[in-house]
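Listed here are the chains, written in short residue letters.
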Amino acid sequence: MSHKRIPKRKAAAAVGAVVALGAAAILLPSANASQDGASDGAAAAPRTLKAGDASDLATRLSGMLGDAYAGAWYDGEDKRLVVNVVRGEDGMALKARSAGAEVREVDNSMAELEAGAGTLTSEATIPGTSWAVDPRTNKILVTADSTVTGAKWDQLESAVESLGPGMATLEKSAGTFRTFASGGDAIFAGGARCSLGFNVTAGDGSPAFLTAGHCAAAGDQWSDQQGGEPIATVDQALFPGAGDFALLTYDDPATEAPSEVNVGGQTVPIVQAAEATVGQQVFRMGSTTGLADGQVLGLNATVNYPEGTVTGLIQTDVCAEPGDSGGSLFTQDGLAIGLTSGGSGDCTVGGETFFQPVTTALEAVGATLGDGGAAAGDGAAGAEDQAGAGDQAGAEDQAGAEDQAGGQDAGAGQDGAGAQDGTGTDPGRHSGQDSGQDSGLTRTH
């Protein structure tokens, strides 16, 4: 995803992004509206909801149902929120139905699932592993990458089995978990390339932006051109630990930092930050692979990178490749969801990708999203027409430059914070670009 930096004292550099085939068309404004005003007599019929409204409803029900609440997910096909209620809690199930959710009775409570995740943390914190509660299966989804073999695999398998039957699912990933450096607009420091996530306003009112925390290991000062003059300085950063995010303030206090994402000649206004919902359709913009889409698979995920453990992430099946770290995860109606952290695979073979929740990052650094602007649908309209031009742009001059940047990003991981130029994730079906194209952005100066 891409964000434009527009200094008042000179003309701005327009930054384009290749729109992946198939993904651009999905960015058209949603025609589905929430059904409001349902009568009490119709409470048993689940409401039709947009993803953002479903996320709000899930948050309300989590507090309302208490211990009976066992997670929720968004059914994108039927536009409904499905809520898990512990079996036997009939009164709470009725409350959830009355609120407009579809109810499913399950055996595992959220407390039991979270306790199971705690057991994995104490017994199976092994580099190359991850776990998150999957509300669709009412189990903990545990994933091991290709480096988890031999005694490490035995240790992980034993920990999963100790949770008891029906508590967890163990899967093997063909790739290797790693952090990814790159994203919307490419940014550079110390031989590494990352991506700008979202423009924000820092607590003191100065213009700033969010990116991945592991990128900050490459250097304090970042440029929007490889080898160029710095434009921003790291103010706060966290990685590893309870997140993967960094706040960088623009060196020029007169910089205008619009709250939008460039998706290839079109911009999607970002109107606010929002919590992710399992099953929600999301889009990622990165300087390597451009635009890609997919679904949220899990929340509050724990990922054990080689550099350390990171908690509280969003797990998705959105593809990414080296150079996409820090890039934006957002929805078609302009909600800021996450910042690209890392994962395994690429946009050809697939894999897993994890994102830092934007809401958590904003709260931690004391920043707010930018000016918002027009409705997101206005910026997304016509994106389908840009698909052909975007693919052509991605194949032009930028390919060679991004290949060079990609090699440099990989080396940055040696600093111990994983500022690598990689973003491996999920199904290539979500991206119209070939994995051999290292650039998803074109840049006009």
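Heads up: these notes are all about the structure in this document.

Definitions and limits used
- Residues numbered from 1 in each chain as written.
- Predicted model: local features only at pLDDT ≥ 70, side-chain atom pairs only at ≥ 80, totals over all residues.
- Heavy atoms only, no water.
- Disulfide = S-S within 2.5 Å.
- Helix = DSSP H or I, 4+ residues; strand = E, 2+ residues; numbered from the N terminus.
- Buried < 20%, exposed > 50% of the residue type's maximum accessible area, 1.4 Å probe, protein only.
- Axes fitted to C-alpha atoms, helices over the stretch in contact; angles between N-to-C directions.
- Parallel < 35°, antiparallel > 145°, perpendicular 65-115°, else oblique.
- Left-handed = near helix turned anticlockwise from the far one by under 90°.
- Contact = heavy atoms within 4.5 Å.
- Pairing = 2+ DSSP bridges.

## Comments concerning the state of the cysteines
Tallied over the entire structure, the rule returns two disulfides. Between Cys194 and Cys215 runs a disulfide, and the two sulfur atoms are separated by 1.9 Å. Judged by the sign of its S-S torsion, about -100°, the cystine formed by Cys194 and Cys215 is left-handed. Of this pair, Cys194 sits in strand β10 (residues 192-195) while Cys215 sits in the loop between β12 (207-211) and β13 (221-222), placing them 21 residues apart in sequence. By relative accessible area, which is 1% here, Cys215 ends up buried. At a sulfur-sulfur separation of 2.0 Å, the disulfide partner of Cys319 is Cys347. Looking down the S-S bond of the Cys319 and Cys347 bridge, the torsion is 85°, so its handedness is right-handed. Linking Cys319 in the loop between β22 (308-316) and β23 (328-330) with Cys347 in the loop between β24 (335-343) and β25 (353-357), this pair joins segments that are 28 residues apart in sequence. Cys347 shares its class with Cys319; the two are buried. Here the protein chain pairs its bonded cysteines, counted in sequence order, in the arrangement 1-2, 3-4.

## A look at the packing of helix α2 (residues 51-65) against helix α3 (residues 90-98)
Between α2 and α3, the shortest axis-to-axis distance is 11 Å and the interhelical angle comes to 155°. The orientation of α2 relative to α3 falls into the category roughly antiparallel. The element α2 and its partner α3 pack so that their crossing is right-handed. Here Leu61, Met64 and Leu65 of α2 lie close against α3, whose contacting residues are Met92, Lys95 and Ala96.

## What to know about the pairing of strand β15 (residues 245-250)
Taking burial as the measure, the six residues of β15 include six buried ones, the bulk of the element. Of the two faces of β15, both are covered, the one formed by Phe245, Leu247 and Thr249 as well as the one formed by Ala246, Leu248 and Tyr250. Alignment of β12 against β15, held across four bridges, turns out to be antiparallel. When the sheet's bridge partners are listed, Ala208 is paired in β15 with Thr249. In terms of strand pairing, strand β14 (residues 232-238) meets β15 through six bridges, oriented antiparallel. Each bridged residue has a counterpart across the sheet, and for Val234 the counterpart in β15 is Leu248. Where β14 folds back on β15, the antiparallel hairpin that results is connected by six residues, among which Gly241 adopts a positive phi of roughly 120°.

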